[in-house]
Amino acid sequence: MSVSQAERTATDSTGRAPKRRTQPVLPRAAFYTVGSLIALMFMAPLLWVVLNSFKSPAELAATPPTYIPEELSADNYIQLVAAGLWQYVFNSSVVAAASVAAVVVISVLAGYGFARFKFVVKSILFLLVLSTMMIPFQSIVTPLYIILKTFGLTDSLLGLILIYTTFHLPFAIFMMTNSFAAVPAALEEAAVLDGCGSVQVLRRVMIPLARPGIVTVALYAFFSSWNEFFAALIFTTSQDRYTLPVMLTNVQSGYYGTLNFGILEAGVVLTMLPCIVIFLILQRYYLTGLVAGATKG
Amino acid sequence: MELSLFIIPVVMSLGMSFFDWPLFGQPVFIGLENFGRMLRDESFGQSLLFTTAYTVVATAVLFVIGFSLAALVRANRPGVGVFRTAYFIPVVIGMASASYLWVWMLNSKVGVIDSLIVDLGLAESSVEWLADPTWALFWIIVMVVWKMVGFTMLLLMVGMQSISEDYYDAAKIDGAGVWRRLFSITLPLLKRTIALVLILATIASYLAFDQFYILTSGGPHNSTITAVFWIYKMGFTRFELGYASALSLALMLILVVLSAIQLGLLRNDDG
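Residues numbered from 1 in each chain as written. Chains lettered and ligands numbered in written order. Predicted model: local features only at pLDDT ≥ 70, side-chain atom pairs only at ≥ 80, totals over all residues.

K.L.:
So, the overall build of chain B: which residues are in play, and what are the values?
P.N.:
In terms of helices and strands, chain B carries 13 helices and two strands. The proportion of buried residues among the 271 residues of chain B is 44%. Taking all contacts inside chain B whose residues are at least 6 apart in sequence as the whole, residues at least 24 apart take part in 68%. (Helix = DSSP H or I, 4+ residues; strand = E, 2+ residues; numbered from the N terminus. Buried ≥ 20, exposed ≤ 12 C-beta atoms within 10 Å, placed from the backbone. Contact = placed C-beta atoms within 7 Å.)

The structure is reproduced here in structure tokens:
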């Protein structure tokens, strides 16, 4: 055994040790069966909620429930629209879009600054940014409320946008600093030699190269803002300011009439949909960003 | 802006906790009274206990299942990407949406999980799952694991993939079995990743709010109130912002200590 082992680890003609095949633990059939079963279990709730959201109201009230709808009906969605769905979609979209934009712009500028320029208080500031990552949002909700109240921002989308932006910034700045730091200085110097000022260097060299990082940051900001519940619950009180998660709360509490699971599910589907779609499309960026952020953390 | 929305609130939180600060009306300085009240507040203590118990269980389950899934999907077989995506998707849908989804599924009249359990013969008849303290916690943990395990799986998988095959080959030559390889090679080399996963899971679990608000509203009989839920109740349903500030500070302190302990423990093991 050890002789052939030695033979195999000896270098091949190119002078490199030949690659080894990963020894899988499970035989193929077992792997795919188990994996598929588990995948089914994970996806089942999502599939169910989509299917069920298309049930007619009559079928929805059936006890025990049917697993697959017998007839399809878009009634729940119609009712949801009647309850003001588009206003909430609008609110969620505005808040998410604005937070994403703000986070990206600020973190790109800050990240570039931290990565490339030397200034006196740099280390202190950077440390400050990092340490704010440790403070959980839930802990400073009370004073935040007072601060926003002073500025009259408690029941406004702008208030939410400010909060979301602030809380996504530390991580975003951290990511952008790393992204920019990874760009070789030679490229920048070449640009400067060509006569570019700082801003142009940023625009033409750095940003294109750090694009994956920017996309990652944007994605995180989007998912967090779109799905955020606690702050939205606290900081929006009038009905036309609610974001989607808060709308779901009201559906559950029967605000729009008696508790109708059909409408609730339709709402859940609509709230989930953008996230899932965006995730599937931009998967690569999200996952690499997550891993990068975690391994450097 | 960032400083003002971070640093100032922390300082204010400290300040506010010395006041009786109603939402409307003037704040009244009451010194250390809020802190005294906090120490005597049984509900708060209860919520801390519950949150800790929940955190321990959730983190453990998230780790074990995440690890198992990671081991399953680390191999680069054709189609494994589909599995990885399927396990990960629940992560992106938001805790609120997920909670509402499960509220429906567990409903004893129209929920699919409930009727599935009955149809599979696992239970006599429909159960109002969320009305029982133990079951409510059970299902909440199931939901949280369903939602978050893709995340732990991913982190652990990436860590696993960076362990050189040579270690395993050498071990197999020495006759080491699967379990031996697991404990002597995989786990030690994954220490940093494991530490990260545990810390993230712990902090996130400790701050849990959405699922408890939505699924049980802290019930039944106030048995599922987490620390943040209690802060919310004090600060935003009873509007006692001063007291809520004191509670928030306590929570922050606990988290700092928890993280410090975890970092210390896990760093010491690093040879």
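Still more to cover.
K.L.:
Got a sec to walk through the overall build of chain A? Specific residues and values, please.
P.N.:
What chain A contains, in helices and strands, is 15 helices and zero strands. A total of 297 residues make up chain A; the buried ones form 38% of that total. Sequence-distant contacts in chain A: of pairs separated by 6 or more residues, those separated by 24 or more amount to 73%.

K.L.:
For the interface of chain B and chain A, give the residues involved together with the corresponding values.
P.N.:
Counting residues at the interface gives 59 residues for chain B and 59 residues for chain A. Tallied by class, residues from the side of chain B that touches chain A come to 43 nonpolar, 10 polar and six charged. (Nonpolar A, V, L, I, M, F, W, Y, C, P; charged D, E, K, R; others polar.)

K.L.:
Explain the domain arrangement of chain A residue by residue, including any values.
P.N.:
Accessible area lost upon the coming together of the parts is a frequently used measure of interface size. Residue and element names in this part refer to chain A. You can read the domains of chain A as domain 1 (23-76) and domain 2 (79-296). Distance between the C-alpha centres of domain 1 and domain 2: 31 Å. Taken residue by residue, the interface counts nine residues in domain 1 and nine residues in domain 2. For the side of domain 1 that touches domain 2, the elements supplying multiple residues, two or more each, are helix 2 (28-53), helix 3 (57-60) and helix 4 (75-82). At four residues, helix 2 tops the list of elements feeding residues into the side of domain 1 that touches domain 2. Tallied by class, the residues present in the side of domain 1 that touches domain 2 amount to four nonpolar, three polar and two charged. (Domains from an automatic or database assignment.)

K.L.:
Give a detailed account of the packing of helix 4 of chain A against helix 14 (residues 261-281) of chain A, specifying residues and quantitative values.
P.N.:
All names here are of chain A. At a minimum axis separation of 8 Å, helix 4 and helix 14 run at an interaxial angle of 80 degrees. It follows from the interaxial angle that helix 4 and helix 14 lie roughly perpendicular. Of the residues in helix 14, those touching helix 4 at Asn76, Tyr77, Gln79 and Leu80 are Gly262, Ile263, Glu265, Ala266 and Gly267. Residues of the contact of helix 4 with helix 14, tallied by class, amount to four nonpolar, four polar and one charged. (Axes fitted to C-alpha atoms, helices over the stretch in contact; angles between N-to-C directions. Parallel < 35°, antiparallel > 145°, perpendicular 65-115°, else oblique.)

K.L.:
Run through helix 12 (residues 227-237) of chain B, naming residues and quoting values.
P.N.:
Owing to its 3.6 residues per turn, the α-helix brings residues three or four apart onto one side. The buried fraction of helix 12 of chain B is high, at nine of 11 residues. Among the residues of helix 12 of chain B, Ala227, Val228, Phe229, Trp230, Ile231, Tyr232, Lys233, Met234 and Gly235 of chain B are the ones counted as buried.

K.L.:
Account for the nonpolar core, with residues named and values stated.
P.N.:
Judged by nonpolar contacts, the single largest core of 148 residues is most densely connected at Ala172, Met176 and Val217 of chain A together with Tyr100, Trp102, Ile231 and Leu247 of chain B. If you tally residues by element for this core, the top one is helix 7 (residues 133-161) of chain B, at 15 residues. In this structure isoleucine 231 of chain B touches Gln138 of chain A together with Ala244, Leu247, Ser248 and Leu251 of chain B, once residues within four positions along its chain are discounted. (Core = buried A, V, L, I, M, F, W, Y, C linked by C-beta atoms within 7 Å.)

K.L.:
Account for helix 2 of chain A, with residues named and values stated.
P.N.:
Helix length check: helix 2 of chain A (26 residues) gives 37 Å between terminal C-alpha atoms against 38 Å at 1.5 Å per residue, within 8%. The sharpest bend along helix 2 of chain A comes to roughly 40 degrees, located at methionine 43 of chain A, with the proline proline 45 of chain A sitting one to four residues further on. (Expected span 1.5 Å × (residues − 1). Bend = angle between axes of the 7 residues up to and from the residue.)

K.L.:
Outline the environment of arginine 192 of chain B, supporting the account with residue identities and numerical values.
P.N.:
All names here are of chain B. Turning to its location among the elements, arginine 192 is positioned in helix 10 (residues 191-206). Classification of arginine 192 as partly exposed rests on a count of 15 C-beta atoms within 10 Å. In sequence terms arginine 192 and leucine 156 are 36 residues apart; their C-alpha atoms lie 10.0 Å from each other.

K.L.:
Provide a residue-level description of the confidence of the model for chain A, including the pertinent values.
P.N.:
Counting all residues, the mean pLDDT for chain A is 78, and 85% of those residues have values of 70 or more. Every residue in residues 1-22 of chain A is under pLDDT 50, and counting partners more than four places away or in other chains gives 11 contacts. (pLDDT = per-residue confidence, 0-100.)

K.L.:
Give me the environment of arginine 204 of chain A: which residues, what numbers.
P.N.:
Residue and element names in this part refer to chain A. Note on placement: arginine 204 falls in helix 10 (residues 198-209). Spatially, the C-alpha atoms of arginine 204 and alanine 191 are 8.6 Å apart, while their sequence positions differ by 13 residues. With near-sequence residues (within four places) excluded, arginine 204 lies in contact with Ala191 and Cys196.

K.L.:
Now, about the confidence of the model for chain B: what can you tell me, with residues and values included?
P.N.:
Fine structural detail should not be taken from predicted coordinates in areas where pLDDT scores are low. Residues and elements named next belong to chain B. Summing up the model confidence of chain B, the mean pLDDT is 81 and the portion of residues at 70 or higher is 86%. By mean pLDDT, strand 1 (residues 19-20) is the weakest element of chain B at 54, and helix 3 (residues 42-73) is the strongest at 91. For this predicted complex, the interface confidence score (ipTM) comes to 0.79, while the overall pTM stands at 0.81.

K.L.:
Describe the environment of valine 277 of chain A, listing the residues and the values that go with them.
P.N.:
Considering the arrangement of structural elements, one finds valine 277 of chain A in helix 14. Remark: the alpha-carbon pair of valine 277 of chain A and arginine 211 of chain A, spanning 66 residues in sequence, is separated by 20 Å.

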